[in-house]
Amino acid sequence: MKSRPSLGFVRGVILLTAAAVGWDAAAGGAQPPAAPSLDEYQVKAAFVYNFAKFVEWPPGAFGSATEAFSICVLGRNPFGRMLEAMTAGASLNGHPFVVRQIAEAAEATSCKILFVSSSERLRYRAILTALKGSPVFSVGDTEGFTADGGVAELRLEEGKVRIELNTRVAKEEDLRISSRLMSLAHSQK
Amino acid sequence: MSTLHGFGAVGSGGFFAAALGLTLTMGAAAQTAPQNLTGRSLEDLMNVEVTSVSKKEQTLSKTPAAVYVIGQDDIKRSGATNVPDLLRMAPGVEVAQIASNQWAISVRGFNAIYSNKVLVLVDGRAVYVTSFSGVFWDAMDIPLEDIDRIEVIRGPGGTVWGANAVNGVISIITKNAADTKGALVTATAGAQGVNEELLQYGGHAGSRGAYRAFAKYASMDSARFPNGEDGADGWRKVHAGFRADWRLSAENSVSVQGGLVNVDGGATRNVIFPGTQPFQTAINTLLKDLSGDVLARWDRTLRNGSTSLQLYDSATRRHDAGSLLDTNVTDIDFSHHLTGWMRHDIVWGLDFRITHDNILPESAYSVRFTVPSRTVKLFSTFAQDEIRLSKSLSLTVGSKIEHNDFTGVEIEPSAQLIWARNDRRSLWFSAAKAIRQPDRSDYSIQYDLAVVPVPGVGNGVVRVLGNPQFRAERVRDFEAGYRTQAGRRISLDFTAFLQLYRSLESNEQGLPYVATENGAPLLILPVLFGNKAQATNYGFEAFGTWNVTRAWKINAGYSSLRMKVTVDPASTDTVTPRESGNSPSQQIQMRSSLTLRKNVECDGSFKYVTALNTLGVPGYGRLDSRVAWHPLEAMELSLTGQNLNSHSHVEFLDNSGLSLRTVVARSVIAKISLRF
């Protein structure tokens with residue numbers, strides 16, 4: 001984050017003083033005009049949504065030409081209603097987006113993209129084993145997700161989101177990842 | 001909005017969160033600033049700087065109580081080697097080191113070697129020793145790398161935690177085994193013979209779980225007395241432990257943990273030999289403690305809430321002050337969190353605890369118990385309802401009802417009102433009643449404090465005696481707090497409190513009598529515990545965090561405390577009214593954490609504690625600093641300096657006269673950590 005310490009210092013002192021005398025209404029109003037950074041999960045939600053455009057699912061993954069494109073969240077949903085807001089009214093190649101909250105991997109076999117919440121990190125292996133044989137692009141954001149058999153891992157590095165891909169699993173499930181996405185990601189074999 | 005579900009995997013944090021009516025707002029907070037990112041390219045997204053709301057901020061934002069959370073980063077960057085030193089960073093907490101292995105730790109007053117009004121928990125297991133109404137800090141050991149966070153609540157927590165959570169609760173929560181995979185090796189060496197090694201390994205436990213196991217060795221040489229002599233308070237500690245967590249399904253999580261700690265140490269005690277000259281002498285005594293504990297917990301997520309069932313057993317064999325103390329505590333706890341019923345968020349629970357102890361004198365000068373062994377049962381139930389009055393206003397009401405073997409049924413109600421806006425600003429009020437239930441020591445402890453000349457008779461022995469008529473100590477507490485986030489970089493937290501204590505412990509002179517001991521008559525001047533003291537305490541606490549840049553954070557804190565302790569006109573106690581001088585009237589602190597060039601950390605903290613007048617402890621400042629370098633991602637080298645501003649200072653005086661104080665000296669500690 002680019003910030004000028006001298007200005008920050010002055011502002012800090014003013015805010016501290018203001019708040020200390022119970023005058024924080026003024027301080028609350030003195031927020032930076034344009035937020036330089038976004039919430040972690042807002043950005044991660046955008047990645048999850050974007051993966052739909054850079055992955056090709058095998059023929060037969062969709063039962064019909066108008067079948068919904070399901071983006072599923074397994075476990076505690078860190079996105080609130082952000083995924084719903086992003087996908088509202090949108091479709092991909094005639095498949096309208098649907099966001100589903102699920103509790104078990106067994107419900108995920110019809111999902112195209114599955115975000116596995118960190119609340120499930122203890123059972124990543126069990127979940128990812130259950131997905132074997134289904135063309136599901138699995139996404140996690142806890143270390144070890146791709147090592148445990150997940151396809152994509154979103155991780156924070158110095159305040160930015162980085163992607164790690166397990167191309168072996170993607171190949172096994174017949175998911176074709178675009179070269180553009182491949183070039184932006186770290187690959188794990 | 002997720003509440004308890006989210007904490008399910010974390011372990012005992014769930015109970016804490018539910019109990020205080022905390023609401024996690026991770027998803028919701030993010031929604032407050034909707035941004036259309038759908039049109040951005042992947043390359044763009046990869047360049048967006050993100051802010052992640054820390055667990056600490058989530059926990060704090062909507063809590064109607066005075067809470068301070070010490071997080072993993074705070075722990076690592078403090079350079080501390082033990083839990084008491086970590087607690088120094090929590091505003092309003094009094095941490096005073098008495099000797100190399102002894103601390104007096106309290107919150108908002110009444111500090112003592114065994115502070116009896118603060119409840120201390122490790123993953124929901126009480127480490128408060130009821131036989132002595134206090135915590136044996138020397139025997140408490142947790143690899144600091146395994147601590148997820150320490151939640152410090154100032155003020156009573158009686159409604160949820162029950163007896164002894166009178167003026168504070170310190171809850172230590174360790175990491176889920178999922179978060180400690182891999183090997184960890186650390187080695188620490190420093191001044192005063194500080195030496196510590198940790199070996200830990202964590203891995204998968206089946207496809208739905210993880211485990212970790214560790215072994216730790218630590219030792220320290222003795223410190224000096226203020227006059228320069230050896231304090232004979234060195235110690236050696238060996239600790240082995242494990243934790244395993246499983247997420248069996250979306251609904252069920254199980255956690256099991258256990259450990260064994262052996263401490264071999266010494267302490268210089270002031271002891272009385274009534275029959276022989278010199279009557280009063282300082283001797284080097286053994287301080288040995290072997291404790292083991294095992295805890296299991298089952299968290300279940302329901303459609304409208306969650307339940308948790310926890311069972312633990314802990315056993316201690318301790319040689320201290322010339323006595324052997326054996327204790328065993330077995331506790332079973334159930335809690336149920338109900339959400340989504342109208343505007344209510346309800347938590348209720350049941351707890352049953354059975355404590356057995358046995359105190360055997362091992363020497364002539366022992367602290368003894370007139371009733372050497374007893375089994376004590378505690379049964380309690382609580383219910384608490386958080387009612388959402390409007391979008392920004394919530395009222396929480398609740399009460400604990402408990403039955404203990406000393407005073408029977410006790411009721412500890414509380415009410416909190418919180419107004420919160422935008423997760424950025426909140427104002428809260430709280431009123432609560434809490435008690436400290438009498439314990440074994442209040443009823444039957446016996447030890448000699450001094451030998452004094454009695455005109456016309458010769459010498460008399462001042463003997464402290466427990467009193468089976470001792471009643472519960474009671475507090476009514478009123479608090480108000482305000483939190484605000486000024487911009488994205490500054491957060492501030494203010495609390496004011498008023499506490500009215502009654503039937504506090506007093507030391508009453510009993511009628512002198514003559515006893516025959518070792519074949520000779522002895523004049524005993526008894527001092528009996530009474531309930532004839534009251535106190536009015538009030539104070540103010542403030543702290544703030546300023547994220548100056550992404551790489552530089554400043555924390556500052558201030559706390560003030562005024563105590564007025566009085567005794568009934570009928571009381572003969574002249575000591576208790578001076579107890580206000582056992583706690584500092586003000587503490588001020590500042591901490592800076594700076595990250596340089598990605599792999600170098602530079603940290604410093606300064607704390608000033610005002611004088612403890614009754615104990616003859618002058619005000620002191622404490623400057624600590626730490627520099628850490630990560631030559632590789634898996635390796636950390638750090639150098640910590642403690643008390644850099646003075647050669648040495650004293651922090652406390654154990655006014656029970658049992659333990660002699662040594663000085664806290666300047667020290668430098670080097671540490672290497674490897675993860676692979």
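Since we're looking at a predicted model, the values are computed, not measured.

### A word on the overall build of chain A
Counting secondary structure elements, chain A contains seven helices and 11 strands. Counting the 189 residues in chain A, one finds 40% classified as buried. Within chain A, residue pairs in contact and separated by at least 24 positions form 60% of the contacts whose partners lie at least 6 positions apart.

### As for the nonpolar core
Counting 92 residues, the largest nonpolar core has Ile70, Leu87, Leu119, Val152 and Ile172 of chain B as its most contacted members. Grouped together as the second largest cluster of nonpolar side chains are 47 residues, Phe97, Cys111, Tyr124 and Leu154 of chain A included.

### Concerning the sheet that holds strand S8 (residues 152-157) of chain A
All names here are of chain A. The strand order across the open sheet built from eight strands is S4-S5-S3-S6-S7-S8-S9-S11, with neighbouring strands paired in mixed fashion. Every other strand in the sheet has two partners, leaving strand S4 (91-92) and strand S11 (186-188) as the edge strands with one partner each. Of the strand pairs in this sheet, strand S3 (residues 69-74) and strand S6 (residues 113-116) are connected by four bridges, and their pairing is parallel. Bridged to Val73 within S6 is Phe115.

### Describing the pairing of strand S33 (residues 600-609) of chain B
Note: strand S32 (residues 586-596) of chain B against S33 of chain B, 10 bridges, orientation antiparallel. Paired with Ser592 of chain B across the strands is Gly604 of chain B, a residue of S33 of chain B.

### Describing the sheet that holds strand S5 (residues 118-122) of chain B
Residue and element names in this part refer to chain B. The strand order S2-S9-S10-S5-S6 describes an open sheet built from five strands, whose pairing is mixed. Of all the strands in the sheet, the pair left with one neighbour each is strand S2 (66-71) and strand S6 (125-126). Summarising the sheet, S5 and S6 pair through two bridges and their orientation is antiparallel. What sits directly across from Leu121, in S6, is Ala126.

### Remarks on unusual backbone geometry
Residues and elements named next belong to chain B. Unusually for a residue other than glycine, Gln192 sits at a positive phi of about 55 degrees. For Gln192, the position within the fold is in the loop between strand S11 (182-190) and strand S12 (194-204). Positive phi values are uncommon outside glycine, yet Ala232 reaches one of about 50 degrees. Mapping Ala232 onto the fold places it in the loop between strand S13 (209-220) and strand S14 (235-247). Ala232 sits in the buried class, given 22 other C-beta atoms within 10 Å.

### Some points on the pairing of S11 of chain B
All names here are of chain B. As paired elements, S11 and S12 share nine bridges and run antiparallel to each other. Looking at the pairing, Thr186 lines up with Leu198 of S12. Hairpin remark: S11 followed by S12, antiparallel, with three residues in the connecting loop; positive phi at Gln192, about 55 degrees. Bridge count between S11 and strand S38 (residues 667-675): seven bridges; the pairing is antiparallel. Residue Gly190 lies in a different strand from S38, and its bridge partner there is Ile669.

Cut-offs used in this document
Residues numbered from 1 in each chain as written. Chains lettered and ligands numbered in written order. Predicted model: local features only at pLDDT ≥ 70, side-chain atom pairs only at ≥ 80, totals over all residues. Helix = DSSP H or I, 4+ residues; strand = E, 2+ residues; numbered from the N terminus. Buried ≥ 20, exposed ≤ 12 C-beta atoms within 10 Å, placed from the backbone. Contact = placed C-beta atoms within 7 Å. Core = buried A, V, L, I, M, F, W, Y, C linked by C-beta atoms within 7 Å. Pairing = 2+ DSSP bridges.

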